[in-house]
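Notes for the structure review
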Amino acid sequence: MTATPLLFTPIKLRELSLKNRVIVSPMATYSAIDGHVTDWHVGHIAKLAAGGPGLVFVEQSSVNLQGRITHGCLGIWDDSHVAGLSKLASIIHSLNAKAAIQIAHSGRKGSSQRPWEGGGPLGPADAVARNEGPWELAASSSIPFDNGWPAPHMMTTEDIDRVVEDYRRAFRRAREAGFDVVELHCAHGYLLHSFLSPLANNRNDHYGGSLANRMRLPLRLAAIMREEWPAHLPVFVRISSVDGVDIGWSIEDSVEFAKALKQVGVDVVDCSSGGMKLPRGNSLVSRTPGFQVPFAEKVQREAKIPTVAVGLIRECQHAETVLEESKATLIALGRELLWNPNWPAQAALEMGCDPDWSHWPPQYAWWLKRRVIQQGQ
Ligand SMILES: Cc1cc2nc3c(=O)[nH]c(=O)nc-3n(C[C@H](O)[C@H](O)[C@H](O)COP(=O)(O)O)c2cc1C
C-alpha cells in the first residue's frame, strides 16, 4: 500500500485537527447587504465546503463601515452580523470541514466599485446608478492608492486606537459565530499593508519610518487577536510577502515580520504578495504556477513558522511536491476552486488515498462511487 500523500495527511494546529492540508483561500464576493450574509454566501460556502477541503475561509470581513472595499463587502462591525456568519460556520462544520474567517480593513483601497462594476473609485455616478456613493478613506498616510484614486485621511493616533478596538470586537464576534480559525489581513495594499510598506507609509511618528515602527500596528493587532482567540485554536496572518513594485516591502522584511508574529503567538503565516499598486505589467513577480511558493518557503525556513503557499497552484501533484519539499505546511487554492469546487475530493481519488470516498459527502459518494465501478466514470 502506498503512503498517504502529505496533502491528505491530517494536521493539528494547536488543538485543531484538519482532515487534510487543502484550504479554501479567502475570496471576497461583494454580495453582502449592509455587511450581512445573504443567500449567495450560503450557497457559495456550502459548495466549497462540500468539495472536501480541510479548512474553508469566509471572505474578508470588515471591522467597520469605513473599512469595506465596496458596498457589498461582508461586515463584522456589528453584533447583528454574527447570526449570518454563524450560519456559514455551521454549514462548513456540517460538511466536515473547519471554519475560518479573515478580518480586514480596506484602508486607502476602500470606497470602490465591485470588480464587475469597474473596480475603480466610487463617484457620483455610482450614487445615481445604484445609490452607492463614495465615503472618506483612512490609511497610514495620505498617499492615494494609485492615479485617479482619492487621498485617504492620515489616521491620527486616536483614530488608530479606535480601529484597534474595532478589530478587538471583530475577533470576539468571529469566535461567537463559531469559527475555528481567524486570520488578520495584512496583505494586498489594504489598511495594515499600508502601515507596513514604505511605499504607502510616510508617517514620522512611532507608526512610521523604521521597520519596527511600521510593524507596530499589525503586531499590536496580532497580539490582540491571539489574546481574544481561545488558546487551543490557531490564528493566521496573511501578508503580502513582497510589494512587487519599486522594491518597497521585501521578502527580508516579511521574514522579520513573521519572526515577530511568531513571538506574539501567531501560528501560521499565509504568504500572498502584491496589491500595493494597480497591476501595470511591470511587476517584479511573474505570475507562473506556484509563483508565491518561494516566499512561503523562505518565511517558513527562516522565521521557523508554518506557512500557507497560495497562488496558481492547480495540480495536486504540484501541491504535494510543495509539501514534500517543506516549502509550506498548508496549500490554499482560490480560483481553481471557483472553477472546480470538488478539486480536493477529486485530488484524493486521483492520488489513490480515498478508497472509501470519505472526502465526499456520503449523499454524493454513495452514487458516484457506484457510477465509477459500473461505468468507469
Ligand atoms: C474572487 C476573488 C476574491 C478574493 N478575495 C480575497 C480576500 O477576500 N482576501 C484575500 O486575502 N485574498 C483574496 N483573494 C486572493 C485569493 O485568496 C488568492 O490568494 C489568489 O486568488 C491566488 O490564489 P489562486 O491562484 O489559487 O486563485 C481573492 C481572489 C479572488 C479570485
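Residues numbered from 1 in each chain as written. Predicted model: local features only at pLDDT ≥ 70, side-chain atom pairs only at ≥ 80, totals over all residues.

The next thing to look at is helix α7 (residues 251-263). Two residues of an α-helix separated by three or four positions point the same way, owing to the 3.6 residues in each turn. Relative to the 18 Å expected for 13 residues at 1.5 Å per residue, α7 spans 19 Å between its end C-alpha atoms, a close match to the ideal helical length. When we look at burial in α7, the residues that qualify are D253, S254, V255, F257, A258 and L261. Each element contacted by the buried residues of α7 is listed here: α6 (211-228), β10 (235-240), β11 (268-272) and α8 (293-303). Where α7 ends, the next residue or the one after it, G265, has phi of about 95 degrees, a positive value. (Helix = DSSP H or I, 4+ residues; strand = E, 2+ residues; numbered from the N terminus. Expected span 1.5 Å × (residues − 1). Buried ≥ 20, exposed ≤ 12 C-beta atoms within 10 Å, placed from the backbone. Contact = placed C-beta atoms within 7 Å.)

Right, let's talk about unusual backbone geometry for a bit. Positive phi outside glycine occurs at L312, with the angle close to 50 degrees. Structurally, L312 can be placed in the loop between β12 (307-310) and α9 (316-324). Unusually for a residue other than glycine, W357 sits at a positive phi of about 55 degrees. Tracing the backbone shows W357 in the loop between α11 (343-350) and α12 (362-375).

All right, on to the nonpolar core then. Core analysis: the biggest nonpolar cluster contains 103 residues, and V56, I103, V182 and I331 have the highest contact counts within it. With 6 residues, the top contributor of residues to this core is α6. (Core = buried A, V, L, I, M, F, W, Y, C linked by C-beta atoms within 7 Å.)

Here we come to the site of the ligand. Around the ligand sit 20 residues in total, of which S25, M27, Q60, G334 and R335 are the nearest. Among the elements of the structure, β4 (55-62) and α10 (335-339) are those that each provide at least two residues to the shell around the ligand. Split into classes, the residues belonging to the shell around the ligand amount to 8 nonpolar, 8 polar and 4 charged. (Near = placed C-beta within 6 Å. Nonpolar A, V, L, I, M, F, W, Y, C, P; charged D, E, K, R; others polar.)

In short, geometric facts, not functional conclusions.
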